[in-house]
Amino acid sequence: MPQAPEVSIAAASEGGYPVLEDGLSPAGAGAPAFKHSRLQRLADRWAHLGFLVCSLLVVGLIGGILYFLATRGLAAFLPMAGNTGRTLSFSEVFLSTDWAPSSDRFGILPFIAGSLGVTGLALLIAAPAGVLTGVFIAKMAPAWMRNLMRQVMDLLVGIPSVVYGIFGLTVVLPLVSRTWLADAPASGFAVSALILAVMIVPTIVSLSTDAFESLPAALDEGAQALGSSRWQAIWRVLIPAARPRLLTAMVLGLGRAIGEAMAVQMVIGNNPQWVALMRESTDRAPFLRALFTPAATLTTELVQELPNTAAGSTWNNVLFAMGLLLYLLTMVLILATRRLGRGKEA
Amino acid sequence: MNVAVPVFRRSRTSKVVDRLMRGVLWAIALTFVAVLILFVGAILKQGWPVLNLGFLTKMPETLDAGGGIKPQIFNSIYLVVLSLGISLPVGLGAGIYMAAYAGQGRALRFLRLCIETLAATPSIVLALFGMIVFVQAMGWSFSIRSGALTLALLNIPVITRVTEVSLLAVPRELKEASYGLGATKLQTILKVALPYAATGILTGLVLTAGRAFGESAILVFTAGTNASAQFPDFRLTVPGETLSVHLWYVTSDGTLPDAREIAAGTAAVMILVLLTLNLLVRLVDRAIRRRTR
């Protein structure tokens, strides 16, 4: 028998499933052709179609979400059918910090800044801690510790956001306000970011562990052969080599943080006027003050106000515009991970 | 990989730094262990005094203290089962397509991009979509069916990914043997590849169930914050408040005098359920490993 069939399977298949779909021999030239009944061939073809429909449904969903959010979100800016609200200009929505829906003022800058602020702070904690834990699991921990850390991360990622929220509300907030703030309420960026950091750390840890584990062993061995200490190898060879994938891990962590709604809503204090409040404050420690000012983000404001607004009103439209913004942000972040991934291959 | 060849100096400082950083890494890792223990411990400790048979089997109160969470437990399970029932066929189908039919070119890359985007979409955005389409456009208002369908959107990318990965992990020899015996592609997938991948898919399914069980943002806007007064109420048209939504709602609403206790008890129940699911996954995983070894 010629060797051809094996070669052609390898060439034509993806993961061992032949790509040819003639219902006959999958192996192409040289392989024996099995006879299948008409029914079998039909089943094969219909199943193919069914699986294709499922995948197209997913693609359709991506477009569908965009379409429906856009019809409602853009109604704030464009005159559309069924729209009872006022048509706003982009600048009075995106460039204004004045949020007073009952007086017809819809500046969402406080929420954008709030989202960026709390996400940035969370990432400031979670990114270094996550990457270092990743390298610890991949390159330093003994086997038992590695297993323990995997389980800890699995459990942390599985805890629901409302449970994180109630933990923040009943344990962290009272503790912080009693210990450092002389019993002033502690809700605001600091505690929200802390909770968020714990929520996104498993994502960063698991992706960066993968990144370090997939590095060629020669890199680590070479560094050590050149006389590096464990830490020198990690800091000067392994982390730089894994950089594109570490950045991807951080971007995905960022995405999780910016989209989180319930946990943050329960601890951040939900004050849309936080920018004005901060401007008025004459504190001597403005930064510290900022960390403990009750604030609001895009997601928390949606949770807070969407149930109270009538569909089609200006207020409602602006809230959907905030949702659209979050969705577009997700797409940008995913495309950014693609860019980073390509950098790795090059 | 363009890493410049570094020069490592072995000095006393480098040794001190090395030892210091080892300590720091251990400390960070152990901090997370401590955080988890503290977290679970605090939730269980707060909820423990509330947890009793009455709490689990009583109907909730709207204004008085002493209500239970019976319908919420039912709704949580019902919604998870329904949403998995919707998302499993779609996720399996899409996963099979990606592993076996999509080839390796553009189509596969585009599908992966879509799956990743859907997986990364914040649940509050899915909630808005569900609210527009199911609650308002279809006129289903806040109901079990709106909730289950929107919740399915959360599950689909996870199930798809797990199916694809599990199918790609099936050894090539097995598939080739199946074709060699004259099986069609569909027969190979259904009778050889899927059974082999089943345990992996099952593990993923349990994890998906856990995620759906804990989800709240989606359900607040699609299944609503009320539970039916009947029990058990299998109707798809009634609002279906779940445990996680109840936990959030009593905390933020504040009309119940014992909201704190109810929230603490509900949180403890949820943590216990999730710990059990996690243990289940671990046991299944261990059993499989023992079998295949």
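What counts and how
Residues numbered from 1 in each chain as written. Chains lettered and ligands numbered in written order. Predicted model: local features only at pLDDT ≥ 70, side-chain atom pairs only at ≥ 80, totals over all residues. Heavy atoms only, no water. Helix = DSSP H or I, 4+ residues; strand = E, 2+ residues; numbered from the N terminus. Contact = heavy atoms within 4.5 Å. Phe/Tyr/Trp six-rings, centres within 6.5 Å; stacked < 30°, edge-to-face > 60°. Buried < 20%, exposed > 50% of the residue type's maximum accessible area, 1.4 Å probe, protein only. Lys NZ or Arg CZ within 6 Å of the ring centre and 35° of its normal. Buried area = accessible area lost by both parts, 1.4 Å probe. Salt bridge = Lys/Arg side-chain N within 4 Å of Asp/Glu carboxyl O. Core = buried A, V, L, I, M, F, W, Y, C linked by side-chain atoms within 4.5 Å. Domains from an automatic or database assignment. Polar contact = N/O pair within 3.5 Å; in protein donor to acceptor, adjacent residues only side chain to side chain. Lys, Arg positive; Asp, Glu negative; His and termini not counted. Disulfide = S-S within 2.5 Å. Expected span 1.5 Å × (residues − 1). Bend = angle between axes of the 7 residues up to and from the residue. Patch = residues over 30% accessible without salt bridge, like charges linked within 9 Å, V, L, I, M, F, W, Y side chains within 5 Å. Areas by Shrake-Rupley, 256 points an atom, 1.4 Å probe, with all protein chains shown as cover. Charge placed at Lys NZ, Arg CZ, Asp CG, Glu CD. Axes fitted to C-alpha atoms, helices over the stretch in contact; angles between N-to-C directions. Parallel < 35°, antiparallel > 145°, perpendicular 65-115°, else oblique. Left-handed = near helix turned anticlockwise from the far one by under 90°. Nonpolar A, V, L, I, M, F, W, Y, C, P; charged D, E, K, R; others polar.

## Quick word on the environment of A:Ala233
All names here are of chain A.
Then step 1. When you line up the elements, alanine 233 lands in helix 9 (residues 230-241).
Then step 2. Put simply, alanine 233 and glutamate 221 are twelve residues apart on the chain and 8.9 Å apart in space, counted from C-alpha to C-alpha.
Then step 3. Setting aside anything within four residues of it in sequence, one finds alanine 233 in contact with Asp220, Ala223, Ser228 and Leu238.

## Let's talk about the environment of A:Leu109
Residue and element names in this part refer to chain A.
Then step 1. The topology assignment puts leucine 109 in helix 4 (residues 109-139).
Then step 2. The spacing of leucine 109 and aspartate 98 is eleven residues in sequence and 7.9 Å in space, taken between C-alpha atoms.
Then step 3. Setting aside chain neighbours within four positions, we find leucine 109 in contact with Val93, Phe94, Leu95, Ser96 and Thr97.

## Examining the packing of aromatic side chains
Then step 1. Counting across every chain of the model gives 22 aromatic pairs over all chains.
Then step 2. With centroids separated by 5.8 Å and ring planes inclined at 65°, the aromatic side chains of A:Phe68 and B:Phe129 adopt a geometry described as edge-to-face. Of this pair, A:Phe68 sits in helix 2 (residues 38-73) while B:Phe129 sits in helix 5 (residues 123-137), which puts the two residues in different chains.
Then step 3. A residue is classified by how much of its surface remains accessible, and B:Phe129, at 6% relative accessible area, is buried.
Then step 4. A centroid spacing of 5.9 Å and a plane angle of 15° characterise the contact between A:Phe90 and A:Phe94, whose relative ring orientation is stacked. Linking A:Phe90 with A:Phe94, this pair stays in helix 3 (residues 90-94), spanning four residues, or about one helical turn.
Then step 5. Put simply, the rings of A:Tyr67, A:Phe68, B:Phe129, B:Phe134 and B:Trp140 touch in pairs and so form one group of aromatic residues.
Then step 6. The aromatic ring of A:Phe320 is capped on one face by A:Arg72, whose charged end is 4.6 Å from the ring centroid.

## What about the interface of chain B and chain A?
Then step 1. Facing 99 residues of chain B, the contacting portion of chain A comprises 100 residues.
Then step 2. Summing the contributions of chain B and of chain A, the shared interface buries around 8900 Å²; its carbon and sulfur component is 77%.
Then step 3. Run the count over chain B and chain A and you get two salt bridges.
Then step 4. Of the charged contacts, one joins B:Arg282 and A:Asp154 as a salt bridge, the two residues approaching to 3.9 Å between their closest N and O atoms.
Then step 5. When residues in the side of chain B that touches chain A are grouped by element, the largest group, 19 residues, is from helix 1 (residues 12-47) of chain B.

## Quick word on the nonpolar core
Then step 1. With 182 residues, the main nonpolar core has A:Leu69, A:Phe136, A:Met149, A:Val163, A:Tyr164 and A:Phe212 as its most contacted residues.
Then step 2. Once you skip the residues sitting within four places of it in the chain, A:Val163 turns out to touch B:Phe39, B:Ile43, B:Leu247, B:Met270 and B:Ile271.

## Quick word on the domain arrangement of chain B
All names here are of chain B.
Then step 1. The assigned domain composition of chain B is domain 1 (12-47) and domain 2 (53-292).
Then step 2. The interface of domain 1 with domain 2 comprises six residues on the first partner and seven residues on the second.
Then step 3. For the domain 1 and domain 2 pair, buried surface summed over both sides reaches about 460 Å², with 90% attributable to carbon and sulfur atoms.
Then step 4. Between domain 1 and domain 2 we count zero salt bridges in total.
Then step 5. Remark: the boundary between domain 1 and domain 2 carries zero residue pairs in polar contact (both at pLDDT 80 or more).

## Things to note about the side chain of A:Glu260
Residues and elements named next belong to chain A.
Then step 1. Looking at the element boundaries, glutamate 260 is found in the loop between helix 10 (243-259) and helix 11 (262-267).
Then step 2. Although glutamate 260 is buried, it forms no salt bridge, and the closest oppositely charged side chain is arginine 256 at an N-O distance of 5.2 Å.
Then step 3. Here the side chain of glutamate 260 touches methionine 262 through a polar contact of 3.3 Å, landing on its backbone nitrogen.

## Some points on unusual backbone geometry
Then step 1. Residue B:Phe231 is joined to B:Pro232 through a cis peptide bond whose omega torsion reads -10°.
Then step 2. With respect to the helices, strands and loops of the structure, B:Pro232 is situated in the loop between helix 9 (217-222) and helix 10 (243-253).
Then step 3. In this structure, A:Asn270 is a non-glycine residue whose phi angle is positive, near 50°.
Then step 4. One can find A:Asn270 in the loop between helix 11 and helix 12 (274-280).
Then step 5. With a phi close to 45°, B:Ser141 is a non-glycine residue in the positive phi region.
Then step 6. If you trace the backbone, B:Ser141 turns up in the loop between helix 5 and helix 6 (144-168).
Then step 7. The exposure class of B:Ser141 is partly exposed, given its relative accessible area of 39%.

## Quick word on the state of the cysteines
Then step 1. Under the definition given, this model contains zero disulfides over all chains.
Then step 2. No disulfide involves A:Cys54; its nearest neighbouring cysteine sulfur is the one of B:Cys114, lying 14 Å away.
Then step 3. B:Cys114 gets classed as buried once you look at its relative accessible area, which sits at 5%.

## Some details on helix 4 of chain A
All names here are of chain A.
Then step 1. Taking 1.5 Å per residue, 31 residues should reach 45 Å; helix 4 reaches 43 Å between its end C-alpha atoms and fits that length.
Then step 2. Its axis deflected by about 30° at leucine 123, helix 4 carries its strongest bend there.
Then step 3. In terms of burial, helix 4 is a largely internal element, 22 of the 31 residues being buried.

## A closer look at a positive patch on the surface
Then step 1. Together, A:Arg339, A:Arg342, B:Arg106 and B:Arg109 line one region of the surface with positive charge.
Then step 2. At the level of elements, helix 15 (314-345) of chain A together with helix 4 (106-120) of chain B are the ones that each hand at least two residues to the positive patch.
Then step 3. Relative to the helices and strands, A:Arg342 resides in helix 15.

## Focus on the packing of helix 3 (residues 70-101) of chain B against helix 6 of chain B
Residue and element names in this part refer to chain B.
Then step 1. Contact pair helix 3 / helix 6: the axes reach a minimum separation of 5 Å and the direction vectors enclose 40°. Taken together, the axes of helix 3 and helix 6 lie oblique to each other. In the packing of helix 3 onto helix 6, the handedness of the crossing is right-handed.
Then step 2. Here the residues of the contact of helix 3 with helix 6 are counted per class, giving 21 nonpolar, nine polar and one charged.

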